[in-house]
Amino acid sequence: MAETTTRTDAAAAANPTTTAMRELEPSAKPRAVRKPRGILVPLWIGYVFLYLPILVVVIMSFNDSENLFVWRGFSLRWYPEVFADQALMQGLGNTLIVATGATAIATVLGTLLAYGIQHYTRGGFVRAFAIAPAILPDLLLGIGLLTLFALLGITLGLHSVILAHGVFATAFVTAIVLARMASIDPSLEEASRDLGAGPVRTFMRVTLPQLAPGIVAGALLAFTLSLDEFVIAFFTTAPTQPTLPIVIYSMVRFGVTPEVNALATLLLFVSVVTVIAAQRLTRLTGSSK
């Protein structure tokens, strides 16, 4: 040990520059930065403000009492009554029809629009214009679509709601598919064309399978958004064919009932599961990089 220490000291003395540089190097363990106390308080206040009412609705949906403010024990009695309500079931059926049709339209148009933007445009104007319906106020979009249907002489009904929901859902599908396309290697398409495949075959055999996670994620998100959309459906549907959010709105005007709480809990569960599935699929966007 003494011999080793002597050799180290001799080397340090022979090269004083290296010794001085080592003294100037920062420590291997940086000092921990102290976070100000209470910096997360506004964050948790925001979470409580947003999610506490939702939690109350979920809890009260299992309340055995008809009075929403009196807890009388755990019960599932309100969930079967939701499915026994004819108005709610009619609204649910209309909503599923609208969501399915709008999702189909948005998935096809959004995928083709994203492909065209990625391959045939260079500026950001077209991209921003395609995604604009996702950020426009629902009230403005609803009034605009209602005016357009009136000018074209289109009667209001489920078909008009499907077209209206397809408009704003297409923007979300486009954004997600564009994000997926950013991770695709363009040399694969070039190789396919060099081997004799045409544009359509290249798209179907090479591009589309790689876009599948983004397309499915966009379709799930479009279905979820259409499922609980109210404002646009309110302006573009007929009074005799209300969607489920409109039926719920007509019920809560006279007070919230336990059935509404149970139905809201079911919709919340479906929305959360669908959004989580879409998020999982969207994460695959960067997995191929």
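All right, on to the pattern of salt bridges then. Applying the stated rule across the entire model yields 1 salt bridge. Two residues, Asp64 and Arg77, come together in a salt bridge whose shortest N-O distance is 3.9 Å. With Asp64 in the loop between helix H3 (41–60) and helix H4 (78–84) and Arg77 in the loop between H3 and H4, this residue pair connects regions lying 13 residues apart in the sequence. Using a relative accessible area of 31% as the deciding quantity, one classes Arg77 as partly exposed.

When you line up the elements, Ala87 lands in helix H5 (residues 86–120). Distance from Ala87 to Ile248, taken between C-alpha atoms, is 9.5 Å for residues 161 residues apart in sequence.

The final tally for this structure, using the stated rule, is 10 aromatic pairs. Their ring planes at 65° and their centres at 5.7 Å tell us that Trp44 and Tyr47 sit as a pair that is edge-to-face. Taken as a pair, Trp44 and Tyr47 lie in helix H3 at a separation of 3 residues, close to a single helical turn. For Trp44, a relative accessible area of 53% gives the class exposed. Of the residues examined, Tyr47 reaches a relative accessible area of 38% and is grouped as partly exposed. Following the ring pairs from residue to residue traces out a cluster consisting of Phe230, Phe234, Phe235 and Tyr249. For the cation-ring pair, Arg77 lies above Trp78, with the distance from its terminal atom to the ring centre recorded as 4.1 Å.

When the terminal C-alpha atoms of helix H7 (residues 138–152) are compared, their 21 Å separation across 15 residues agrees well with the 21 Å that a helix rising 1.5 Å per residue should span. What H7 keeps buried is the set Leu141, Gly142, Leu145 and Phe149. Buried residues along H7 cover an arc of 100° about the axis, so they all sit on one side. Facing away from the buried side of H7 by more than 90 degrees, the exposed set consists of Leu140, Ala150 and Leu151. If you follow the buried residues of H7, they end up packed against helix H6 (125–135), helix H8 (158–181) and helix H11 (231–236).

Time to look at the confidence of the model for the protein chain. Per-residue confidence for the protein chain averages 81 on the pLDDT scale, and 84% of its residues sit at or above 70. Within the model, pLDDT remains below 50 along residues 1–8, and this stretch shows 0 contacts once partners closer than five positions in the same chain are excluded. Here residues 10–14 is a poorly scored stretch, pLDDT under 50, and it has 1 contact once near neighbours within four places are set aside; other chains count.

All right, on to a nonpolar patch on the surface then. Together, Ile39, Leu40, Leu43, Trp44, Tyr47, Phe49, Leu50, Tyr51, Ile54, Leu268, Val272 and Ile276 make up a nonpolar patch on the protein surface, roughly 1200 Å² of accessible area in all. Listed by contribution, the elements that provide at least two residues to the nonpolar patch are H3 and helix H13 (258–282). Top contributing element to the nonpolar patch by residue count: H3, with 7 residues. A residue is classified by how much of its surface remains accessible, and Leu50, at 51% relative accessible area, is exposed.

Take the packing of H7 against H8 next. The contact between H7 and H8 brings their axes to 11 Å, and the two run at 130°. Between H7 and H8, the interaxial angle falls into the category oblique. Seen from above, H7 lies across H8 with right-handed handedness. Here H7 contributes Leu141, Leu145 and Phe149 to the contact with H8, which in turn contributes Ser160, Leu163, Ala164, Val167 and Phe168.

A separate point is the environment of Ala278. Looking at the secondary structure, you find Ala278 in helix H13. Under the relative-accessibility criterion, Ala278 is labelled buried at 6%. In this structure, the C-alpha to C-alpha distance between Ala278 and Pro213, residues 65 residues apart in sequence, is 8.7 Å. Setting aside residues no more than four positions away along its own chain, Ala278 makes contact with Ala217, Leu220 and Leu221.

Once that is clear, we can look at the nonpolar core. As a rule of thumb, soluble globular proteins bury nonpolar side chains together. Core analysis: the largest hydrophobic core is formed by 15 residues, its most contacted members being Ala106, Ala114, Val173, Val177, Met181, Leu211 and Ala222. Put simply, the parts of the chain that give this core at least two residues each are H5, H8 and helix H10 (199–227). Ranked by the residues each element gives to this core, the list is headed by H8, at 5 residues. Beyond its immediate sequence surroundings of up to four residues, Val173 is in contact with Ala106, Thr107, Gly110, Thr111, Gly218, Ala219 and Ala222. Among the nonpolar cores identified, the runner-up in size contains 10 residues, and Trp78, Val82, Leu244 and Val260 belong to it.

Criteria and cut-off values
Residues numbered from 1 in each chain as written. Predicted model: local features only at pLDDT ≥ 70, side-chain atom pairs only at ≥ 80, totals over all residues. Heavy atoms only, no water. Salt bridge = Lys/Arg side-chain N within 4 Å of Asp/Glu carboxyl O. Helix = DSSP H or I, 4+ residues; strand = E, 2+ residues; numbered from the N terminus. Buried < 20%, exposed > 50% of the residue type's maximum accessible area, 1.4 Å probe, protein only. Phe/Tyr/Trp six-rings, centres within 6.5 Å; stacked < 30°, edge-to-face > 60°. Lys NZ or Arg CZ within 6 Å of the ring centre and 35° of its normal. Expected span 1.5 Å × (residues − 1). Arc of directions from axis to C-beta. Contact = heavy atoms within 4.5 Å. pLDDT = per-residue confidence, 0-100. Patch = residues over 30% accessible without salt bridge, like charges linked within 9 Å, V, L, I, M, F, W, Y side chains within 5 Å. Areas by Shrake-Rupley, 256 points an atom, 1.4 Å probe, with all protein chains shown as cover. Axes fitted to C-alpha atoms, helices over the stretch in contact; angles between N-to-C directions. Parallel < 35°, antiparallel > 145°, perpendicular 65-115°, else oblique. Left-handed = near helix turned anticlockwise from the far one by under 90°. Core = buried A, V, L, I, M, F, W, Y, C linked by side-chain atoms within 4.5 Å.

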